[in-house]
Amino acid sequence: MRRKFIVGNWKMHGLREGGAALASDLAGRMLGAGDVAFDMLLCPPATLIHTVVQAVSDAPVSVGGQDCHGKDSGAHTGDIGAPMLADAGCRYVIVGHSERRQGHGELSGEVKAKAAAAHRAGLIAIVCVGETEAERDAGRALDVIARMVDESMPDGATAANTVVAYEPVWAIGTGRTPTPADVGAMHSMIRRRLATLVDQPDAVRILYGGSVKPDNAASLLHIDDVDGALVGGASLKADEFWAIAETCR
Ligand code: PGA
């Protein structure tokens, strides 16, 4: 049985005061709620990892990075090694987000190296894949994602060390989402694909991301093979993020 997983990707948002307040608010809600039907992860910008780790230390809330380098250390100005994230208190790291693939020219081979680096550091990699609007319109979405999954998954990936996030590029930050039928078809294709790449493909959590909001969360999170959400904009407001999480029952 896969437990639902609600992940907040804060992207390049937040200073210490607001970040601490948001993380503390969510930690308090998790502690107050007791038994919940989901796991929660917050991925703040690197400058806030320490602050957020401290703010959630008593609560069942994990912390993750938004990216890591494919090498463990070295002369890579501005980059962060996976061992550094682990040392700072992270359990997870997002790799291959479309804002990295598109904004920084990252190809799947590099994403695969980053996921492998995450595993070496004992982190769980959240490997993101997503098609562009042109690829969807051309009827190529399933093929594009199959290939991205094949090329981005590192050797030795398991259900314990890897999560997949399907995030259509055209749905991120736009308020648009694919139909539940399209999301379901994509997630079940990804799971079939994982069968050739990982042990126990049925245990791998596959998240949907792209304009998840309180008003569409229930319909997205109750699709077969959707095991949680990777949430950007709505993760910056405690009420909205919590409302999304609470749709997991
Ligand atoms: P969004 O971002 O929820 O703001 O669309 C999702 C993401 O990029 O992870």
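Use the structure listed above.
Residues numbered from 1 in each chain as written. Predicted model: local features only at pLDDT ≥ 70, side-chain atom pairs only at ≥ 80, totals over all residues. Heavy atoms only, no water.

Enquirer: Just checking my understanding: could you explain the packing of aromatic side chains for this structure?
Expert: What describes a pair of aromatic rings is the distance from one ring centre to the other and the angle between the planes of the rings. Overall, the coordinates contain three aromatic pairs when judged by the stated rule. Between the NZ or CZ atom of Arg205 and the centre of the ring of Phe5, over which it lies, the distance is 4.3 Å. (Phe/Tyr/Trp six-rings, centres within 6.5 Å; stacked < 30°, edge-to-face > 60°. Lys NZ or Arg CZ within 6 Å of the ring centre and 35° of its normal.)

Enquirer: What is the right way to read the packing of helix 9 (residues 214-221) against helix 10 (residues 238-246) from this model?
Expert: Two measures define how a pair of helices packs: the angle their axes make with one another and the distance between the axes. Closest axis-to-axis distance for the helix 9/helix 10 pair is 8 Å, and the angle between their directions is 25°. Classified by the interaxial angle, the pair formed by helix 9 and helix 10 is roughly parallel. Both helix 9 and helix 10 take part in a crossing whose hand is right-handed. Across the interface between the two elements, Pro214, Ala217 and Leu221 of helix 9 pack against Glu240, Ala243 and Ile244 of helix 10. Residue composition of the contact of helix 9 with helix 10, by class: five nonpolar, no polar and one charged. (Axes fitted to C-alpha atoms, helices over the stretch in contact; angles between N-to-C directions. Helix = DSSP H or I, 4+ residues; strand = E, 2+ residues; numbered from the N terminus. Parallel < 35°, antiparallel > 145°, perpendicular 65-115°, else oblique. Left-handed = near helix turned anticlockwise from the far one by under 90°. Contact = heavy atoms within 4.5 Å. Nonpolar A, V, L, I, M, F, W, Y, C, P; charged D, E, K, R; others polar.)

Enquirer: Can you walk me through the environment of Pro214 in this structure?
Expert: Mapped onto the secondary structure, Pro214 falls in helix 9. Between the C-alpha atoms of Pro214 and Asp239, which are 25 residues apart in sequence, the distance is 9.1 Å. Not counting residues up to four positions away in its chain, the partners in contact with Pro214 are Glu240, Ala243 and Ile244.

Enquirer: For this particular structure, what's the right way to read the pairing of strand 8 (residues 228-231)?
Expert: What you see with strand 8 is no split at all: Gly228 and Leu230 on one side and Ala229 and Val231 on the other are buried throughout. Here two bridges tie strand 7 (residues 206-209) to strand 8, and the two strands are oriented parallel to one another. Opposite Tyr208, over in strand 8, you have Ala229 as the bridge partner. For the segment spanning strand 7, helix 9 and strand 8, crossover handedness is right-handed. (Buried < 20%, exposed > 50% of the residue type's maximum accessible area, 1.4 Å probe, protein only. Pairing = 2+ DSSP bridges. Right-handed = clockwise from strand over helix to strand, strands pointing away.)

Enquirer: I keep staring at helix 9 and nothing clicks. Help me out?
Expert: An α-helical turn contains 3.6 residues, so a residue and the one three or four places further along point in the same direction. Within the span of helix 9, buried status applies to Asn216, Ala217, Leu220 and Leu221. The buried side chains of helix 9 occupy one side of the element, clustering within an arc of 125° when seen end-on. Buried residues along helix 9 sit in contact with strand 1 (4-9), helix 8 (180-194), strand 7, strand 8 and helix 10. (Arc of directions from axis to C-beta.)

Enquirer: Hey, could you run me through the site of the ligand in this one?
Expert: The full set close to the ligand counts 13 residues, and Lys11, His97, Glu167, Gly173 and Ser211 are the nearest of them. One nitrogen or oxygen atom from the side chain of Glu167 is found 2.6 Å from an oxygen atom belonging to the ligand. Between the ligand and Gly173, the relevant distance is 2.6 Å, taken from an oxygen atom to a main-chain nitrogen or oxygen of the residue. Taking 280 Å² as the accessible area of the ligand by itself, protein coverage stands at 97%. Of the residues assigned to the shell around the ligand, the class counts are four nonpolar, seven polar and two charged. (Near = heavy atom within 4 Å. Polar contact = N/O pair within 3.5 Å; in protein donor to acceptor, adjacent residues only side chain to side chain. Areas by Shrake-Rupley, 256 points an atom, 1.4 Å probe, with all protein chains shown as cover.)

Enquirer: What's the story with the sheet that holds strand 2 (residues 38-43) in this structure? I'm lost.
Expert: Within a beta sheet, neighbouring strands are joined by backbone hydrogen bonds and run either parallel or antiparallel to one another. Spatial strand order, 1-2-3-4-5-6-7-8: eight strands in a closed barrel with parallel pairing. Sheet twist, expressed as the mean angle between neighbouring strand axes with direction ignored, is 25°. Its contacts with the sheet place helix 5 (residues 108-120) against strand 4 (92-95), strand 5 (124-129) and strand 6 (162-166), and it is angled at close to 165° to strand 5. Along the sheet, helix 10 makes contact with strand 1, strand 2 and strand 8, crossing strand 2 at roughly 150°.

Enquirer: What is the right way to look at the state of the cysteines in this model?
Expert: Between two cysteines, a covalent bond joining their sulfur atoms is known as a disulfide. All chains considered together, the criterion is met by zero disulfides. Note on Cys128: no disulfide assigned, nearest cysteine sulfur contributed by Cys43 at a separation of 9.2 Å. What makes Cys128 buried here is its relative accessible area of 1%. Free cysteine: Cys248, not disulfide-bonded; nearest cysteine sulfur from Cys43 at 16 Å. Residue Cys248 is classed as buried on the basis of its relative accessible area of 4%. (Disulfide = S-S within 2.5 Å.)

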